[in-house]
Amino acid sequence: MPEGQLSLFGDGALAAAARESKLESRRRRGGSGAGLRAAVLGSGSGGNATIVESADGCLLLDAGFSCRELERRLEMVGRLAADVDAVLLTHEHNDHSRGASRFARRHQVPVYGTRGTYRDPELGGLGTLARPMGPGVPLTMAGFRIKVFPVSHDAREPVGIVVESSGGYRLGLVTDLGRRTAEAWRSLRDLDVLLLESNHDLDMLRTGPYPWRLKERVASARGHLSNEEAAAGLDELLSDRLSWVVLCHLSQTNNSPAFAAAAVQPVLDRRCSRAKLVVAEQHRPGPWLDVGAGSGWHRGG
Ligand SMILES: [Zn+2]
Ligand SMILES: [Zn+2]
C-alpha cells in the first residue's frame, strides 16, 4: 500500500485490515503441522532481521533495516509485512532496531523490547505498540513460547531470544555478545535451530584497518563474538536435535564467510553432527530453515 493511502483509513479500519490480512496469512501457512521455519533476512553491522513462523503465527526478530527494506526482504522470502504478528528486539543498536518504529506503526504490529531497549529515544514514538519483555518473564505470543536472557554487550539491556513453537521446536538467536555466559548458554540448550554470532577472525581484526579503540571494543567482553569463540560455543551446545546452525553478524572488514565456516564446520564434523551450517549474508536473505515441517506447510517461500 502506498504510504499516502494510510491517511485514508482511521486507526480502527487500519487495525481491522491488519487483522484480516493476518487471518489470510494464517490460512496460507496452513492450520496443521507443528513445525517451525525461519529465514534470516540479512545479518551484519548494516542490519539484522530474522523471520520465524509456525502454523500458528509469525515473528520478526530484530528490525535493523528500514521499513521499506524489511518489506522488500520479506517479499523476497515470499512473505508480506502483514504476515508478521509481532517484532522482538534484542537491543536498541541501530543495526537491530532501525525500522522497528516505522514498521510497527505502518503495519500495526506490537514491538517487544526490554526496559533498557525502550530507553532509546528513537523507539519513543511507539505508544501502545511498545510492549515489555525481559529475562525471567516467559511470554506467549502468536503461538510461540518466548524466553529472553541477558547477553554481555555494550547496549542498555541486550538479550538473546529463544522461541518455541506449539509443537516444541526451538530456535535460539544470540548475536552481539562479547563473551559466552553460563546463563546464556544454559538458555540455548536443546535447540533445533541456532543463530549464532561469528563476528570476526581474530587475526583479521588484529591486523585490520580498524582504529585501535574500535578493535578493543569489538574484542572486549561487551563487544562481539569471534569465529573461534563461536566454534567453542557451538561445541557446548551441540545436541542430536540441532538441525541448523546459522553463523550471523559477520564483519565485512574483519571476516569472510569462508573463514567463519572453516572455524565452525570442524566442530560439526568432529562430533558427527547432522546439523547443516549456513552463513548469513548482509545483502540478501538466506534460505528457509525448516524443522519438523508437517503437511500443512505452504512451501511457496
Ligand atoms: Zn549488531
Ligand atoms: Zn549491538
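Structural data are supplied above this passage.
The rules we used
Residues numbered from 1 in each chain as written. Chains lettered and ligands numbered in written order. Predicted model: local features only at pLDDT ≥ 70, side-chain atom pairs only at ≥ 80, totals over all residues. Helix = DSSP H or I, 4+ residues; strand = E, 2+ residues; numbered from the N terminus. Pairing = 2+ DSSP bridges. Axes fitted to C-alpha atoms, helices over the stretch in contact; angles between N-to-C directions. Core = buried A, V, L, I, M, F, W, Y, C linked by C-beta atoms within 7 Å. Buried ≥ 20, exposed ≤ 12 C-beta atoms within 10 Å, placed from the backbone. Contact = placed C-beta atoms within 7 Å. Arc of directions from axis to C-beta. Right-handed = clockwise from strand over helix to strand, strands pointing away.

(A) Here's a closer look at the environment of V77. Mapped onto the elements, V77 comes out in the loop between α2 (67-76) and β4 (86-88). Sequence separation between V77 and V40 is 37 residues, and the spatial gap between their C-alpha atoms is 9.5 Å.

(B) Structural view of the sheet that holds strand β6 (residues 130-132). One open sheet holds the seven strands; their spatial order is β6-β5-β4-β3-β2-β1-β14, and the pairing between them is mixed. Unpaired on one side and paired on the other, β6 and β14 (289-291) mark the two borders of the sheet. If you compare each strand with its neighbour and ignore which way they point, the axes differ by 25° on average.

(C) The arrangement of the nonpolar core in detail. Formed by 70 residues in total, the largest nonpolar core has its most connected members in L59, V87, L88, F103, I161, L196 and L247. Tallying contributions element by element places strand β1 (residues 36-42) first for this core, with five residues. Residues in contact with F103, not counting those within four places in the same chain, are A63, C67, L70, A81, V87 and V109.

(D) Layout of the sheet that holds strand β13 (residues 276-279). Strand order across the open sheet formed by seven strands is β7-β8-β9-β10-β11-β12-β13, with mixed pairing between neighbours. Each of the sheet's edge strands pairs with one partner strand only, and the pair in question is β7 (139-141) and β13. Strand-to-strand twist in this sheet, taken as the mean axis angle between neighbours without regard to direction, amounts to 20°. Bridge count between strand β11 (residues 193-197) and strand β12 (residues 244-248): five bridges; the pairing is parallel.

(E) Representation of α2. Of the positions making up α2, those classed as buried are C67, L70, R73 and L74. Down the axis of α2, the buried set is contained in an arc of 130°. They therefore lie on one face. A positive backbone phi angle near 85° is found at G78, which sits one or two residues after α2.

(F) Molecular detail of helix α4 (residues 100-107). All of the buried residues in α4 are A100, S101, F103, A104 and H107. A positive phi of about 50° marks Q108, the residue just after α4.

(G) Focus on the pairing of strand β3 (residues 58-61). The alternating pattern of β3 places C58 and L60 and L59 and L61 on opposite faces, both of which are buried. Sheet analysis places strand β2 (residues 49-53) next to β3, joined by four bridges and oriented antiparallel. Bridging across to β3, T50 finds its partner in L61. Where β2 folds back onto β3 in an antiparallel hairpin, the turn is made up of four residues. Taken together, the three bridges between β3 and β4 define a ladder with parallel strand orientation. From the neighbouring strand, L60 faces β4, where its bridge partner is V87. In this region the chain leaves β3, passes through α2 and returns to the parallel neighbour β4; the handedness of that crossover is right-handed.

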